[in-house]
Amino acid sequence: MPVLPRLVAALPPTVVGRVPYAGPTLEYLADPLGMMQRRHDTHGPVSHARFLGKPWTILVGPDACDHALRNPDKAFASGPGWGELVGPFFDRGLMLLDFEEHLGHRRLMQQAFTRQRLEGYAGALGPAVSAGLDAWPVAAGARGFPAYPALKQLTLELATQVLLGAPPVEQRSAAERAELTAVNRAFVDCVQAATAFVRAPVPGTRWGRALRGRRLLEQYAGRQVAARRAAGVEGDDTLLGALLAARDDDGATFDDRAVVDHLVFLLMAAHDTSTLTTSTVLDQLGRHPGWQERLREEAAHLPDRPSLAEVEALPSFDLVFREALRLVPPVPVLARKTVEETEVLGERVPAGRLTAVMLHLSHHDPALWDEPHRFDPERFAEGRREDKRHRAQWEPFGGGVHKCLGLHFAGLEVKLLVHQALRRWRWTTPRATPTPLSYLSLPVPLDGLPLDLQPLGRARPASPTRPASPTQGVPA
């Protein structure tokens with residue numbers, strides 16, 4: 001478990017914010033929502049601070065964030081912004097490309113996320129999810145089962161199997177399973193380097209581990225590309241096959257180097273963000289048994305491995321999915337850098353300025369959401385649609401030209417995981433207080449998200465719903 005967030009959380013925000021060089025960073029790690037709210041209340045939607053020794057412009061609130069995401073004067077670039085945080089580890093991934101180059105790569109990559117492709121992914125995900133959950137050591141139930149690390153390993157297995165065409169885990173050798181564990185660790189190291197204080201190739205530091213992790217990921221992805229080229233199966237029903245076969249109107253394709261770069265980024269996005277959202281859904285359903293039963297009943301008629309259309313026809317699943325993304329957006333802050341001087345809401349932002357687009361606060365703005373810290377999926381239902389009060393109040397997948405290309409795949413994967421879990425267990429969240437999250441990188445449950453699992457047919461009566469209350473900026 002990360003020690004730094006625990007230590008920082010024990011200090012008063014007024015003390016944390018004054019730590020030289022790293023103060024605002026530590027304040028964010030300790031209490032992201034609180035830090036954003038204090039910035040907004042004290043300095044307004046556009047302010048400036050030093051993070052890790054460099055000046056940043058901070059955008060909070062839907063109006064300021066919307067301006068950066070729409071980017072009407074093309075002043076904000078994504079690549080050099082994210083490059084400051086994770087550039088060496090996800091270099092040349094789609095998120096780190098801009099303008100015409102980004103548009104060209106995105107058009108090619110969209111061929112991997114067509115409706116027909118998603119239907120194929122659904123067919124492959126069904127049996128893979130079922131086998132993966134069957135392998136969890138909880139056949140007779142479990143108390144305090146750490147769901148987050150089990151989910152993270154499973155979603156990486158799903159990504160390699162469904163997106164790369166790797167064999168099912170049970171058919172892999174011991175060496176292949178050990179390699180997958182190392183790949184999982186490498187992704188963690190690369191993502192966590194975003195908030196590293198030592199940003200140099202020093203062995204034993206987060207930055208040093210991330211550089212080593214990137215090399216391992218390149219080697220892993222490179223072998224997959226080489227094997228697929230050698231087998232001559234470009235264009236099969238995997239994401240890798242789609243990338244290898246993609247052609248634009250002029251016949252341009254990705255070379256192998258570009259495919260490797262995109263795979264490293266896509267594999268991270270395909271399993272990290274899905275793990276986080278599935279964790280939030282399981283946590284909230286464990287606290288709200290009425291919603292858990294509602295979803296179970298809604299999907300009771302479905303086969304064990306539903307199609308894409310069948311998953312899409314589950315309105316309550318979609319409500320819960322959206323609310324989970326509102327409460328804990330997997331990427332609460334987006335990074336940008338100005339390529340020319342610009343203005344946001346009348347405030348000057350100089351050229352070359354790193355910019356933090358802090359979307360998370362908009363998801364909890366009481367001016368936009370009724371009781372924003374409360375789990376209430378019905379706020380997205382027709383007749384209420386609280387999310388329609390401002391076009392930028394709910395942006396878990398980003399916005400503008402960099403809006404997540406795999407958002408429909410992510411929704412499909414999360415809903416299939418939840419559907420399969422509902423068929424196997426009833427569960428409760430034993431922690432009475434909100435689940436503590438580490439914000440060293442993406443919001444990860446500090447305690448591994450323990451769940452009390454009861455196999456269906458032997459479940460105890462559901463416990464009453466616990467009242468929700470925010471703690472240190474972590475939503476209930």
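Residues numbered from 1 in each chain as written. Predicted model: local features only at pLDDT ≥ 70, side-chain atom pairs only at ≥ 80, totals over all residues. Heavy atoms only, no water.

Under an unreviewed UniProt entry, the protein chain has the name Cytochrome P450 and belongs to Nocardioides perillae. As stated in UniProt under Cofactor (unreviewed entry), the record for the protein chain gives "heme". (UniProt positions renumbered as here; feature names shortened; annotations may be inferred.)

**Q** Would you mind going over the overall build of the protein chain in detail, with residue names and values included?
**A** The helix and strand inventory of the protein chain stands at 17 helices and twelve strands. The C-alpha atoms of the protein chain give 22 Å as radius of gyration, which agrees with the globular expectation for 476 residues (23 Å, within 12%). For the protein chain, the spread of C-alpha atoms along the principal axes amounts to about 60 × 55 × 50 Å. Scored against the burial criterion, the 476 residues of the protein chain give a buried share of 58%. Computed over 55 positive and 54 negative side-chain charges, the separation of the two mean positions in the protein chain equals 5 Å. (Helix = DSSP H or I, 4+ residues; strand = E, 2+ residues; numbered from the N terminus. Rg over C-alpha atoms; globule rule 2.2 N^0.38 Å. Buried < 20%, exposed > 50% of the residue type's maximum accessible area, 1.4 Å probe, protein only. Lys, Arg positive; Asp, Glu negative; His and termini not counted. Charge placed at Lys NZ, Arg CZ, Asp CG, Glu CD.)

**Q** Just give me the short version of the sheet that holds strand β3 (residues 76–77), but keep the residues and values in it.
**A** Read across the open sheet, the five strands follow the order β1-β2-β8-β5-β3; overall the sheet is mixed. Each edge of the open sheet carries a strand with a single partner, namely β1 (46–51) and β3. Note: strand β2 (residues 54–60) against strand β8 (residues 354–358), five bridges, orientation parallel. Bridge assignment links Leu59 to a residue of β8, and that residue is Val357. Contacts from helix α4 (residues 32–43) reach β1, β2, β5 (333–338) and β8, with the element oriented near 125° to β1. (Pairing = 2+ DSSP bridges. Contact = heavy atoms within 4.5 Å. Axes fitted to C-alpha atoms, helices over the stretch in contact; angles between N-to-C directions.)

**Q** Let's hear about the sheet that holds strand β12 (residues 450–455): which residues, and what values?
**A** Ordered in space as β4-β12-β9, the three strands form an open sheet in which the pairing is antiparallel. Looking along the sheet, the strands with just one partner apiece sit at the ends: β4 (142–146) and β9 (425–428). Taking the axes of each pair of neighbouring strands and ignoring which way they run, one obtains an average angle of 40° across the sheet. Where β4 meets β12, three bridges bridge the pair, whose relative direction is antiparallel. Looking across to β12, one finds that Ala142 is bridged to Leu453. Contacting β4 and β12, helix α9 (residues 147–163) runs over the sheet at an angle of about 55° to β4.

**Q** Any chance you could break down the pairing of β2 for me, citing the residues and the numbers?
**A** For β2, the tally of buried residues reaches five of seven residues, placing the bulk of the element in the interior. The pairing of β1 with β2 spans six bridges and is antiparallel. The partner of Arg50 across the bridge, within β2, is Pro55. Linking β1 back to β2 in an antiparallel pair, the connection comprises two residues, with Leu52 at a positive phi of about 50°.

**Q** Outline the UniProt feature "binding site: heme" (unreviewed entry) in the protein chain, listing residues and values.
**A** In this structure's numbering, the residues bearing the UniProt feature "binding site: heme" (unreviewed entry) are Cys404. Structurally, Cys404 can be placed in the loop between β8 and α17 (407–424). By relative accessible area, which is 31% here, Cys404 ends up partly exposed. Here Cys404 is in contact with Arg106 and Phe397, once residues within four sequence places are set aside.

**Q** Residues and numbers for α4, please.
**A** Compared with the 16 Å implied by 1.5 Å per residue over twelve residues, the 16 Å span of α4 between its first and last C-alpha is a close match. All of the buried residues in α4 are Pro32, Leu33, Gly34, Met35, Met36 and Arg39. Phi turns positive one or two residues past the end of α4, at Gly44, with a value near 90°. (Expected span 1.5 Å × (residues − 1).)

**Q** Can you break down the side chain of His390 residue by residue, with the values?
**A** Mapping His390 onto the fold places it in the loop between β8 and α17. Polar contacts involving the side chain of His390 include one to the side chain of Asp63, which spans 2.7 Å. (Polar contact = N/O pair within 3.5 Å; in protein donor to acceptor, adjacent residues only side chain to side chain.)

**Q** Please set out the layout of surface pockets residue by residue, giving values where relevant.
**A** For the largest pocket, the calculated volume is near 570 Å³. Around the largest pocket, the lining comprises 23 residues; the ones closest to its centre are Tyr148, Arg185, Val188, Gln192 and Val444. Going through the elements one at a time, α9, α10 (174–192), α11 (206–231), α13 (256–287) and β11 (444–445) are the ones with two or more residues in the lining of the largest pocket. In terms of residue count, the dominant contributor to the lining of the largest pocket is α10 (six residues). When grouped by side-chain class, the residues that make up the lining of the largest pocket number twelve nonpolar, five polar and six charged. (1 Å grid on protein atoms, 1.4 Å probe; cavity = no way out; pocket = protein on both sides within 12 Å on 5 of 7 lines; lining within 4 Å. Points joined across faces, edges and corners; volume = space filled by probe spheres on them. Nonpolar A, V, L, I, M, F, W, Y, C, P; charged D, E, K, R; others polar.)

**Q** Explain the packing of α13 against helix α16 (residues 315–327) to me, and be specific about the residues and the numbers.
**A** With their axes 9 Å apart at the nearest point, α13 and α16 run at an angle of 105° to one another. With respect to each other, α13 and α16 are oriented roughly perpendicular. Contact residues: Thr277, Thr280, Val281, Gln284 and Leu285 in α13; Val320, Phe321, Ala324, Leu325 and Leu327 in α16. Grouping the constituent residues of the contact of α13 with α16 by class yields seven nonpolar, three polar and no charged. (Parallel < 35°, antiparallel > 145°, perpendicular 65-115°, else oblique.)

**Q** Explain the pairing of β12 residue by residue, including any values.
**A** Burial within β12 is extensive, with six of its six residues counted as buried. Going residue by residue along β12, you find Pro450, Asp452 and Gln454 tucked away on one face and Leu451, Leu453 and Pro455 tucked away on the opposite face as well. Where β9 and β12 come together, four bridges link them in antiparallel fashion. Bridged to Thr428 within β12 is Asp452.

**Q** Give a detailed account of the packing of α9 against α17, specifying residues and quantitative values.
**A** It is at 13 Å that the axes of α9 and α17 come closest, and there the two elements cross at 125°. It follows from the interaxial angle that α9 and α17 lie oblique. The chirality of how α9 crosses α17 is right-handed. Contacts from Leu154, Thr155, Leu158 and Leu163 of α9 reach α17 at Phe409, Glu413 and Leu417. (Left-handed = near helix turned anticlockwise from the far one by under 90°.)

**Q** Break down the packing of aromatic side chains for me, with residues and values.
**A** Applying the stated criterion to the full structure yields ten aromatic pairs. When the ring of Phe89 is compared with that of Trp207, the centres are 4.8 Å apart and the planes differ by 70°; the resulting orientation is edge-to-face. In this pair, Phe89 sits in helix α6 (residues 79–90) while Trp207 sits in helix α11, placing the two residues 118 residues apart along the sequence. Residue classification places Phe89 among the buried residues on the basis of a relative accessible area of 0%. Its relative accessible area of 8% is what places Trp207 among the buried residues. Here the aromatic residues Trp136, Phe145 and Trp425 are joined through ring pairs into a cluster of three or more. (Phe/Tyr/Trp six-rings, centres within 6.5 Å; stacked < 30°, edge-to-face > 60°.)

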